[in-house]
Amino acid sequence: MMHLDLAQNPNVCRAARLRHLYQFITGIAKQVHQRDRRNEDRIILDNNSEYQKNLQELFPCGPEKWTHVTEAKMGRVEKGLRRWMDLPTKADYGTELGLRPPVYTGQTTEVAKQQVHYKLIPELSSLRYAVEEWRNAWKIKITWQSVTVEGLKKSLTDLHCHVRLAAIATCALGAVHRPQEELAASETALYGRGWEVEPVPPELQPLLLSALSDPVKRVQIAAAVCQYAMGASNPHAQDILRNVLHQDTSGMGADSWVAAQCLALEGEATQAVVERLLSQHFLSEAPADQDQAATLLSNISSKTTLVRSRLSEELNCGNWRTRVLACNTLSQLKCQINKDLSNKLSHLMWNDWSSVVRQAAAQALGRLNLGSDLHDELIVKLDEGPASRRVEALVLIGQLKIMTIKLLPAFLRCLVDDFVVVRKQACFTAASLMLKDEIIMEQLIDLMHNDTSCDVKVVAINALGKIGCLTPALEELLLWALHHEEEPRVRIAACEALKTLGVKGPELQLILQERFVLEPNPQVHRHIEAMLKSYGYSLEGDKGMVYRITDQVQQLCSKNIITEKVLLLEELTQLQQHQRRLLGQEGQPEASVMSALLQERFTALKHLSTRSLSASKDGQDKQYTTAHMSGWTLKDD
């Protein structure tokens, strides 16, 4: 075995060092950081490889050359970096120190602390939203998780007002986000519910309380909000927030919005608070603000009638969106509803031009325990009202999803109403309510089969398909409609209903294949083709029937038969003119005479065409049989 001395071959030595260094450069192995300054001249990788740096010597040399004290013990700070004189060389840790090389994995051996699972206090959700929106409005971006108590102390006593403001907002945000530790099941049974964390550290509370008297008004407002977030409201903080409400001339300021929320959460129901909540509810475009304002208005409505009165005024607004919001908010109130308000909601339910407002008013009446009056009024409208009122009542029944025993007879009468629009809306309502009553199903089937309006037939078929109650009689009628109905829309509706109900079988396959060949309407043809493909049926069907139909059409369109028909028409025209000359210009020939003559001529022509057809058919049948047995297809002459 040949021994290669790397020291005697500098080129090979350099190549080996480059190969070892390649592992570090290309990322195959990563360097492990060394905190010990004694290992600064070494490169230790995570695959236990170690390299010695060839660094330039310091000049002048350090004191460790002539003393016994090491540089690490002296704590001397070294400035600058030493230049590499050559590439690093591979070092042998075991040869140098006689020890086993350590395992450099780059991973800490410390055991990770178990995460404490906690949840936010649900009672503070409204206050949490108020503080977060107020902080976002003032663009305060400090995160409360990254601050320290010492840092907050320093910031609360800072000379600059914006630093104090940010520190107070951070404390308020941390207070509303304080966690509640979740205990295990055994600990919960032993100690009860989980303990709550202090909203703010005790050493910060005096500083936050003294901030209520800060010379800067904005810092005072932040301190007052922080007191409410901590659950430690006091008269001084209340006075500050009330002054903010009275001084806000625009009615849409961020400070007045958070002040109204804090005061409303404390149960204050003054006019200023109510007006500010209403302005935010109706003027803000943020759905979250509208929900927050509606919730707070609902909470304080039990303490004052001002909320109900102001919302009743908004029902007269010209904007339909405002009327919808007013109806939805009224339905959430916790106070008594007077007769005037119920009459107003009833008037909007029947007379408002917007269908959304009518629906919102009807839902508000139902949520306010006024459903009995609404129910009786619906029965009256269905029985005695004009057609337009019956349609509106049917629309409301479908939107409210109600059907009672008292409503059912009036609803059944709408299915056989004289007006088409009423019958159509009754079908729509039955489909939206998914009514599977036997009487209603019979009425819909009767409309599908016997109604004079094709629009009603289409709507009835769609309703039956949506309800999804398949019976043998319904399946037979749908197949008949697909095969024999003259209106293309009805055939399309029958095709879609059969697909929705999942009807399958050889009878459906035969009808689809036949209609696929004979269907003249392109839209119906596309629906039938899609249904055949979805079911995996063949598109060709019975070719023999196609050949027979084609042959019969060709024979009926032959030259002899067409000539006889033309001659018959000419003869009838001449005969009619001759009778007119005999009876005078004003006289008309008797219908019985003309009918008898036409019947006689037609019978003679029919016998003639039948003989010619039978003679040609025998020859065509023989030819078709021969071609079918031999596998060839007939071609037109």
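Residues numbered from 1 in each chain as written. Predicted model: local features only at pLDDT ≥ 70, side-chain atom pairs only at ≥ 80, totals over all residues. Heavy atoms only, no water.

I would appreciate a short explanation of the sheet that holds strand β3 (residues 84–90) in the present structure.
Neighbouring strands of a sheet are bound in pairs by backbone hydrogen bonds; such pairs are parallel or else antiparallel. Ordered by their spatial adjacency, three strands build an open sheet running β1-β2-β3, and the pairing between neighbours is antiparallel. Of all the strands in the sheet, just β1 (42–44) and β3 have a single pairing partner and so form its edges. Strand after strand, the sheet turns through a mean of 20 degrees between neighbouring axes, direction not considered. Relative to strand β2 (residues 50–55), β1 runs antiparallel, the two being bridged by three bridges. Across the sheet, Arg-42 pairs through a bridge with Gln-52, a residue of β2. (Pairing = 2+ DSSP bridges. Helix = DSSP H or I, 4+ residues; strand = E, 2+ residues; numbered from the N terminus. Axes fitted to C-alpha atoms, helices over the stretch in contact; angles between N-to-C directions.)

Even after reading the chapter, I still don't get the packing of aromatic side chains, so can you show me in this structure?
Counting across every chain of the model gives one aromatic pair. Ring centres of Tyr-535 and Tyr-537 lie 5.7 Å apart, and the angle between their planes is 70 degrees; this geometry places the pair in the edge-to-face category. A relative accessible area of 18% means that Tyr-535 is categorised as buried. The ring of Trp-350 is capped by Lys-381, whose NZ or CZ atom sits 5.2 Å from the centre of that ring. (Phe/Tyr/Trp six-rings, centres within 6.5 Å; stacked < 30°, edge-to-face > 60°. Buried < 20%, exposed > 50% of the residue type's maximum accessible area, 1.4 Å probe, protein only. Lys NZ or Arg CZ within 6 Å of the ring centre and 35° of its normal.)

Any chance you could explain helix α15 (residues 320–330) here in plain terms?
Count 3.6 residues to each turn of an α-helix, and residues three or four apart come out pointing the same way. Most of α15 sits out of view: eight of its eleven residues are buried. Those residues of α15 lying buried are Thr-322, Arg-323, Val-324, Leu-325, Ala-326, Cys-327, Thr-329 and Leu-330. Its buried side turned inward, α15 meets α12 (271–283), α13 (287–300), α14 (306–314), α16 (339–351) and α17 (355–367). Here α15 starts with a cap whose side-chain oxygen sits 3.1 Å from the backbone nitrogen of Arg-321, and that cap is Asn-319. (Contact = heavy atoms within 4.5 Å. Polar contact = N/O pair within 3.5 Å; in protein donor to acceptor, adjacent residues only side chain to side chain.)

Just to check I follow, could you spell out the packing of α12 against α14 for this structure?
Each pair of packed helices gets described by two things: the angle between the helix axes and the distance between those axes. It is the contact of α12 with α14, at a shortest axis distance of 10 Å, that shows an interaxial angle of 35 degrees. Classified by chirality, the crossing of α14 by α12 is right-handed. Residue-level inspection shows Gln-271, Val-274, Glu-275, Leu-278 and Phe-282 of α12 in contact with α14, the latter providing Leu-306, Val-307, Arg-310, Leu-311 and Glu-314. In terms of residue class, the contact of α12 with α14 is made up of six nonpolar, one polar and three charged. (Left-handed = near helix turned anticlockwise from the far one by under 90°. Nonpolar A, V, L, I, M, F, W, Y, C, P; charged D, E, K, R; others polar.)

Teacher, can you tell me more about the pairing of β2 here?
Both faces of the sheet carry side chains from a regular strand, because those side chains alternate between them. Following β1, the chain reverses through five residues before pairing antiparallel with β2; Asn-48 in that reversal takes a positive phi of roughly 70 degrees. Of the pairings in the sheet, the one linking β2 to β3 comprises four bridges and is antiparallel in character. Directly across from Gln-52, in β3, lies its bridge partner Thr-89.

Honestly, the nonpolar core in this entry has me stumped. Any pointers?
For soluble globular proteins, the rule of thumb is that nonpolar side chains tend to be buried together. Ile-168, Leu-277, Leu-345, Leu-415 and Leu-444 are the most contacted members of the largest nonpolar core, which has 141 residues in total. At ten residues, the largest contribution of residues to this core is made by helix α6 (residues 161–176). Not counting chain neighbours up to four residues away, the residues in contact with Leu-277 comprise Trp-257, Ala-260, Ala-264, Ala-293, Leu-296, Leu-297 and Ile-300. (Core = buried A, V, L, I, M, F, W, Y, C linked by side-chain atoms within 4.5 Å.)

Please clarify how the environment of Pro-199 should be interpreted in this entry.
Structurally, the position occupied by Pro-199 is in the loop between α7 (185–191) and α8 (205–210). When the C-alpha atoms of Pro-199 and Ala-232 are compared, they prove to be 9.9 Å apart, with 33 residues separating the residues in sequence. With residues up to four places along the chain from it excluded, the contact list for Pro-199 reads Gly-174, Ala-175, Arg-178 and Met-230.

Quick question: what am I supposed to make of unusual backbone geometry here?
Backbone phi values are negative for most residues with the exception of glycine, while trans is the configuration of most peptide bonds. Even without a glycine there, the phi angle at Asn-369 is positive, about 60 degrees. Assignment of secondary structure puts Asn-369 in the loop between α17 and α18 (371–384). Residues other than glycine seldom take positive phi values, yet Lys-401 does so here, at roughly 60 degrees. Relative to the helices and strands, Lys-401 is located in the loop between α19 (387–400) and α20 (407–415).

What exactly am I supposed to notice about the pattern of salt bridges here?
Note that side chains of opposite charge can pair when their charged atoms are close. Overall, the coordinates contain 19 salt bridges when judged by the stated rule. For Asp-383, the salt bridge identified is with Arg-413, shortest N-O distance 2.7 Å. Note that Asp-383 is positioned in helix α18 and Arg-413 in helix α20, a separation of 30 residues in sequence. Since its relative accessible area comes to 38%, Asp-383 is described here as partly exposed. Judged by relative accessible area, which is 45%, Arg-413 ranks as partly exposed. Note that Asp-455 is salt-bridged to Arg-489, the shortest N-O span being 2.6 Å. Separated by 34 residues along the polypeptide, Asp-455 in helix α23 (residues 454–467) and Arg-489 in helix α25 (residues 488–501) bring together distant segments of the chain. A relative accessible area of 28% means that Asp-455 is categorised as partly exposed. Through salt bridges that share partners, Glu-275, Arg-310, Glu-313 and Glu-314 make up one connected network. (Salt bridge = Lys/Arg side-chain N within 4 Å of Asp/Glu carboxyl O.)

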